[in-house]
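# Commentary on secondary and tertiary structure
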Amino acid sequence: MPEASDPSAAPDTEELVIALMQMLCARRRIGMAAAAKRLGLRQSQMERLLLLLCEDGDLGGLGFVQRHEQRGRMLLTLSPKGEALCIKAQAKE
């Protein structure tokens, strides 16, 4: 088993993006903590993944995922752009 400091042990970003998008396409909404747990990510790793997938005016991002706080819990949903991507992917299947 690779050690934690071994770069080859780190999950591939592309695989994580695909896994999270598949999760959201299937469920449309998931708690951020639950998504991180399913992906095997620490909070900081999940935050970095969301920087890539969410849209932030200052930092950029792909704009496929949105964050919403509900009763102190951070929820992830697909943005309209993310929903369009899911529909397109499902049509190819």
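Within each chain, residue numbers correspond to sequence positions counted from 1 in written order. Predicted model: local features are reported for residues with pLDDT of at least 70 only, side-chain atom pairs are reported and counted for 80 or more only, and whole-chain, interface and lining totals are derived from all residues. Processing note: side-chain calculations cover all non-hydrogen atoms of the structure and skip hydrogens and water entirely.

## So, the nonpolar core
The set of buried Ala, Val, Leu, Ile, Met, Phe, Trp, Tyr and Cys residues whose side-chain atoms join them within 4.5 Å is what this entry labels a nonpolar core. Whether a residue is buried, partly exposed or exposed follows from its accessible area with a 1.4 Å probe, protein chains only, as a fraction of its type maximum: under 20%, in between, or over 50%, in that order. By size, the foremost hydrophobic cluster in this structure holds 23 residues, and its most contacted members are Leu20, Met46, Leu49, Val65 and Leu76. Strands here mean DSSP runs of E at least two residues long; helices mean DSSP runs of H or I at least four residues long; both are numbered from the N terminus. Broken down by element, this core gets its largest block of residues, seven residues, from helix H1 (residues 13–27). Aside from chain neighbours lying at most four places away, what touches Met46 is Leu20, Met32, Ala35, Ala36, Leu39, Leu41 and Leu76. A contact between two residues is defined here by any heavy atoms of the two lying within 4.5 Å.

## Re the environment of Thr77
Along the polypeptide, Thr77 turns up in strand S3 (residues 73–78). Sequence separation of Thr77 and Cys25 is 52 residues, and the distance between their C-alpha atoms is 9.1 Å. The contact partners of Thr77, leaving out residues within four places of it in the chain, are Leu24, Arg28, Arg29, Phe64, Val65, Gln66 and His68. Each polar contact in these results corresponds to two N or O atoms within 3.5 Å; when the atoms are within protein, one needs to be able to donate a hydrogen and the other to accept it, and residues that are neighboring in sequence are counted only if both atoms are side-chain atoms. Among the polar contacts listed, one links the side chain of Thr77 to the side chain of His68, at a separation of 2.9 Å.

## A few points about the state of the cysteines
We call a pair of cysteine sulfur atoms a disulfide whenever their separation is within 2.5 Å. This structure, assessed with the given rule, holds one disulfide. Sulfur-sulfur distance for the disulfide between Cys25 and Cys86 comes to 1.6 Å. In this structure, the disulfide formed by Cys25 and Cys86 twists by about -70° around the S-S bond and is classed as left-handed. Of this pair, Cys25 sits in helix H1 while Cys86 sits in helix H4 (residues 80–92), placing them 61 residues apart in sequence. A single burial state applies to Cys25 and to Cys86, both of which are buried.

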